[in-house]
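# Secondary and tertiary structure notes
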Amino acid sequence: MSPPRYDLVLRNALVIDGTGAAPYRGEVALAGDRIALVGAAGLVAPGDAARELDIAGRAVSPGFIDAHTHDDRIVLDAPDMLPKVSQGVTTVVAGNCGISLAPVTFAGEPPPPMNLLGGRKAYAFPRFANYAAAVRETTPGVNVAALVGHSALRLATMDDVSRKASEREIGAMRDLADEAMENGAIGFSSGLFYLTNKAADADEVVAVAARFAEHGGVYATHMRDEFDNVVDSLAETFLTAERAHIPVVVSHHKCAGPRNWGRTQETLPLIAAAAGRHPVSLDAYPYEAGSTVLREDLVTDEYRIMIAWSAPHPEVTGLDLTDIATAWGLGLPETARRLQPAGAIYFQMDEADVRRVLAFPLTMIGSDGLPHDRHPHPRLWGTFPRVLGRYARELGLFPLETAVHKMTGMPAKTFRLAGRGRIAPGFFADLVVFDPETVADRATYEKPTEMSAGIEHVFVNGRLSWSAGETTVKRAGRLIGGRA
Ligand SMILES: [Zn+2]
């Protein structure tokens, strides 16, 4: 008798293949780290697979790709990646918003927002190749696709980031871009909203982005303004990308602040029009609150602000800024000053805008979770099941296969992750088995680290990495994309 041709067959599956096509009943066979076969029930003869797993009509889809993360360091420090794997995530796109762990080191403490990834000691990778080697040595629980941040490049090459870079400094950033792309980075990100990146004008961004483009990179941007000037920022983003000849992802698209609520009716048609001329996509998380460092210029009484962490006052994490201010007998600005350095959750969006952005055909799902925060935004643990459960099943915002496409095939194509994001022969066996009837997020603003429901099995590169209820992950992640 010949040995089995497949290592495993998933029987009795509802196959959602990641392309957006309608689900169908069938089975999926795995061999090594790849999908060998997918098709109708009975395709794999008894004995053809070393193991069989009857998934009892549950859905099997490609593993979810978290299109927007700040997981650069957590994949090394807490490599199980349970917050993500337990949602069905098998790949994270790191290095967003201009913030990446490589290639930069610091003599003193890193300035905000670089401190979202950790302190001076966390920044131990003067070249991207050093970071790539660390990921490979660690074997995290998820695959890592890494962008290189503009703030990281500026801090690595400039003595003063409060001004525009000189020709020589831009040249140095372009050299670092070459090194990163030759060693497995997938592209470039900017965070023009942040102090470390703000002084870069469009010419500087174009000059650096163009070098990433020469290597086949993509460009993701946390725009200069997501508040009153969001339309100007979109125009800058499109022009920058067109001039640099690089596909662009508008990060966590939102119209922030009560004055701008409803304005996605204005921005989304502009984005659709730009996408007719040049490759443009979006990422978004399914919540009405954002989260980043606590910034005094974002402090307002117009919307709720919750403290996610505070270095001098860890005891107030999870409390609202207004309650802390009342307890301390201070105004909001002074309270915010005393909490620094700190992080916050800002309830700055309108639910109707959130739904409009999620439903937009060019929108991918990205958690933007902040894994080092003491009291994190619930998006860290809940984003993907929340899209599948609340937005697809309960609210009917889109069919299940569209939700899955937004978290698999679409990001794989956008970030040029070859062999990922689809259930098809020859593709990597990154798979998630879930129950479409019960999948749901459980993390809340009050209890943000609750594991989601309905995710049953997660395979990474052919390995069964996690099953429901487990608290450890059998790690099989790799650095992927680019030339990795
Ligand atoms: Zn951002």
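Residues numbered from 1 in each chain as written. Predicted model: local features only at pLDDT ≥ 70, side-chain atom pairs only at ≥ 80, totals over all residues. Heavy atoms only, no water.

- If you look the protein chain up in an unreviewed UniProt entry, it shows as D-aminoacylase from Chelatococcus albus.

## Some points on the domain arrangement of the protein chain
- Along its sequence, the protein chain is carved into domain 1 (62–288 + 349–420) and domain 2 (295–346).
- Here domain 1 and domain 2 have C-alpha centroids that lie 26 Å from each other.
- Facing 15 residues of domain 1, the contacting portion of domain 2 comprises 14 residues.
- Buried area between domain 1 and domain 2, both sides added, is near 1100 Å², and the carbon and sulfur share of it is 61%.
- Where domain 1 packs against domain 2, one counts 0 salt bridges.
- For the pair domain 1 and domain 2, the number of links is 5 residue pairs in polar contact (both at pLDDT 80 or more).
- Looking at side-chain class alone, the side of domain 1 that touches domain 2 contains 6 nonpolar, 4 polar and 5 charged residues. (Domains from an automatic or database assignment. Contact = heavy atoms within 4.5 Å. Buried area = accessible area lost by both parts, 1.4 Å probe. Salt bridge = Lys/Arg side-chain N within 4 Å of Asp/Glu carboxyl O. Polar contact = N/O pair within 3.5 Å; in protein donor to acceptor, adjacent residues only side chain to side chain. Nonpolar A, V, L, I, M, F, W, Y, C, P; charged D, E, K, R; others polar.)

## Observations concerning the coordination of the zinc ion
- The zinc ion binds to the protein through Cys-97 (SG), His-222 (ND1) and His-252 (NE2), with metal-donor distances spanning 2.0 to 2.3 Å.
- Mapped onto the sequence, the residues coordinating the zinc ion show the spacing C-x124-H-x29-H. Here Cys-97, found in the loop between strand 7 (89–94) and helix 3 (128–138), pairs with His-222, found in strand 10 (residues 218–222); they are 125 residues apart in sequence, far enough to count as distant. An identical accessibility class is assigned to Cys-97 and His-222; each is buried. (Donors = N, O, S within 2.8 Å, 3.2 Å for Na, K, Ca; no water. Helix = DSSP H or I, 4+ residues; strand = E, 2+ residues; numbered from the N terminus. Buried < 20%, exposed > 50% of the residue type's maximum accessible area, 1.4 Å probe, protein only.)

## Focus on the side chain of Ser-190
- Its location among the elements puts Ser-190 in strand 9 (residues 187–191).
- With relative accessibility at 0%, the residue Ser-190 sits in the buried group.
- Only 2.8 Å separates the side chain of Ser-190 from the side chain of Thr-221, close enough to count as a polar contact.

## Things to note about the packing of helix 10 (residues 321–328) against helix 11 (residues 332–339)
- Running from amino to carboxyl end, helix 10 crosses helix 11 at an angle of 95°, the nearest separation of the two axes being 9 Å. Comparing their axes, helix 11 and helix 10 come out roughly perpendicular. In contact with Leu-321, Thr-322, Ile-324, Ala-325 and Trp-328 of helix 10, helix 11 contributes Leu-332, Thr-335, Ala-336, Arg-338 and Leu-339.
- Classifying every residue of the contact of helix 10 with helix 11 gives 7 nonpolar, 2 polar and 1 charged. (Axes fitted to C-alpha atoms, helices over the stretch in contact; angles between N-to-C directions. Parallel < 35°, antiparallel > 145°, perpendicular 65-115°, else oblique.)

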